[in-house]
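# Observations on chain architecture
Below are the chains, spelled out letter by letter.
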Amino acid sequence: MEKLLKKLEELNVGKIKENEPLKNHTTWKIGGPARIFYEPDTAENLQTAMKEIIASGVPWLVVGKGSNLLVSDKGINGVVIKFGENFAHYEIEDDKLLRVTAGYSVIKLTTLISKQGYSGFEFAGGIPGTIGGAVFMNAGAHGSDISKILKRALILLPDGSFKWYTNEEMDYSYRTSRLQKEAGICVEAEFNIKKGDKEKITKEMQANKDYRRESQPFKHPTCGSVFRNPLPKYAGRLIEEAGLKGYSVGGAQISDIHANFIVNNGDATAKDVMGLIKHVQTTIYEKFGVKMETEVEQVGDN
Ligand code: FAD
């Protein structure tokens, strides 16, 4: 670890911090420190750094806005690679192709392009996170998801090469992508968009955002939906029917507003959230015979 840290600093491949608290990089405001916290400045420098990281055998993890991550209280004894401002650019080609780097905020991007009258991203208005995280998660809402608009994604593979994966090669299904089965870092992505009626697009986006504000908790930190919907059933409905709304473990509580959300009441630890997740899984299985899988990803040392 120390050797890798020194090497990365010598290579001058971006910003490096030691023991960075990950609670500052997750929407739940939970998570212990990352031994090495690395913010790459360019794709080429990330490629150089990844060669060193992989050769060292030190574990690594990419984070966007940490809006789908439960980081353990002990943190991550490895390298956390954060896509930030250096990867926040976009361009539009021929009014039909949107090219965007992985660190761009989905909320910011959807707002900007809808104001310019581009259609395609209306469903994503209000989904927190970065483009890289959305491509990885196949983020979606309102009956649509990333798989409906992605043309291709530029992936840095563990062998150090860059490869464009087409939509088909991303192997998308509900909140799932190829990147969840095979390691790879999304650096950039291209989406199919089209020019439309600006007023209609912004109105639809606003309606989607309003729906979120009415149906989801936003006063306390959350991580969005904690469980995948065990389709055709809905996770939130099952949790509510089991009478678990408001149930809490330590500082973590099932939201009174939306039962598939767990709120951090101020001092929740990852251990509290994990305890609550386990309680929900056991209760739902006993009551309805349904296995509840998490959508939120649990990472870090235990
Ligand atoms: P992170 O949480 O940082 O990471 C998630 C996963 O993606 C990790 O495995 C990480 O390693 C990987 N990853 C991140 N960036 C990259 C990259 N560049 N290359 C490779 N892997 C990468 N999700 C929905 O789908 N629909 C919703 O409606 C929705 N609503 C939400 C509402 C709230 C209030 C919150 C807090 C969350 C919500 N989410 C929703 C969950 C979350 O916003 C999405 O899953 C989002 O796409 C995660 O993006 P991120 O950048 O925060 O990724």
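Structural notes, computed from the coordinates. (Residues numbered from 1 in each chain as written. Predicted model: local features only at pLDDT ≥ 70, side-chain atom pairs only at ≥ 80, totals over all residues. Heavy atoms only, no water.)

Here we take up the site of the ligand. By nearness alone, 34 residues border the ligand, and V62, S67, T130, G140 and E297 come closest of all. A distance of 2.8 Å is found between an oxygen atom of the ligand and a side-chain nitrogen or oxygen belonging to R212. A distance of 2.4 Å separates an oxygen atom of the ligand from a polar atom in the side chain of E297. Across the complex, the protein chains shield 94% of the 970 Å² of accessible surface that the ligand would expose by itself. For the shell around the ligand, the secondary-structure elements that each account for two or more residues are β3 (60-63), α4 (131-137), β9 (140-141) and β13 (185-192). Examining the composition of the shell around the ligand, we find that 5 residues originate from one element, α4, more than from any other. Per-class residue counts for the shell around the ligand are 16 nonpolar, 14 polar and 4 charged. (Near = heavy atom within 4 Å. Polar contact = N/O pair within 3.5 Å; in protein donor to acceptor, adjacent residues only side chain to side chain. Areas by Shrake-Rupley, 256 points an atom, 1.4 Å probe, with all protein chains shown as cover. Helix = DSSP H or I, 4+ residues; strand = E, 2+ residues; numbered from the N terminus. Nonpolar A, V, L, I, M, F, W, Y, C, P; charged D, E, K, R; others polar.)

Applying the stated rule across the entire model yields 4 aromatic pairs. On the numbers, 4.8 Å between centres and 80 degrees between planes, the contact of F83 with F87 is edge-to-face. You'll find F83 and F87 in the same group, each marked buried. Ring geometry for F121 against F191: centres 5.0 Å apart, planes inclined by 70 degrees, an arrangement best described as edge-to-face. Here F121 is found in the loop between β8 (118-119) and α4, whereas its partner F191 is found in strand β13, with 70 residues between them in sequence. Grouping residues by exposure puts F121 and F191 together as buried. (Phe/Tyr/Trp six-rings, centres within 6.5 Å; stacked < 30°, edge-to-face > 60°. Buried < 20%, exposed > 50% of the residue type's maximum accessible area, 1.4 Å probe, protein only.)

Another point: the environment of N77. Inspection of the secondary structure assignment puts N77 in strand β5 (residues 76-82). Between the alpha carbons of N77 and A34 there is a distance of 6.1 Å; along the sequence they are 43 residues apart. Contact partners of N77, with chain neighbours within four places excluded, come to M1, R35, P59 and D301. (Contact = heavy atoms within 4.5 Å.)

Structurally, S119 can be placed in strand β8. Looking at S119, its side chain comes within polar contact range of the side chain of E122, at 2.8 Å.

With that settled, consider the packing of helix α1 (residues 2-11) against helix α2 (residues 43-56). Remark: α1 packs on α2, axes separated minimally by 10 Å, with the N-to-C direction vectors making an angle of 165 degrees. The angle between the axes of α1 and α2 places the two elements in the roughly antiparallel class. α2 is crossed by α1, and the crossing has right-handed handedness. Seen from α1, the contacting residues are L4, K7, L8 and L11; seen from α2, they are T48, A49, E52, I53 and S56. The residue inventory of the contact of α1 with α2, partitioned by class, reads 5 nonpolar, 2 polar and 2 charged. (Axes fitted to C-alpha atoms, helices over the stretch in contact; angles between N-to-C directions. Parallel < 35°, antiparallel > 145°, perpendicular 65-115°, else oblique. Left-handed = near helix turned anticlockwise from the far one by under 90°.)

The next thing to look at is helix α5 (residues 198-215). Because an α-helix completes one turn every 3.6 residues, residues spaced three or four positions apart along the sequence face the same direction. With 18 residues, α5 should cover 26 Å at 1.5 Å per step; its first-to-last C-alpha distance of 26 Å lies within 8% of that length. Turning to α5, its buried residues number three or more, namely I201, M205, N208, R212 and S215. Buried residues along α5 cover an arc of 110 degrees about the axis, so they all sit on one side. In α5, the exposed positions angled more than 90 degrees off the buried face are occupied by E199, K200, K203, R213 and E214. Looking at the buried residues of α5, the elements they touch are α3 (106-115), β8 and β9. For α5, the N-terminal cap is D197; the gap from its side-chain oxygen to the backbone nitrogen of E199 is 3.1 Å. (Expected span 1.5 Å × (residues − 1). Arc of directions from axis to C-beta.)

Another aspect to go through is the pattern of salt bridges. Enumeration according to the criterion identifies 14 salt bridges in this entry. Among the ionic pairs, K17 bridges to E20, the shortest N-O distance being 4.0 Å. You can call K17 partly exposed: its relative accessible area is 31%. For E20, a relative accessible area of 11% corresponds to the buried category. Among the salt bridges present, the one from R152 reaches E190, with a minimum N-O distance of 2.9 Å. Taken together, the residues span a long stretch of sequence, with R152 in strand β11 (residues 150-156) and E190 in strand β13 at a distance of 38 residues. Residue class for R152 comes out partly exposed when judged on its relative accessible area of 27%. (Salt bridge = Lys/Arg side-chain N within 4 Å of Asp/Glu carboxyl O.)

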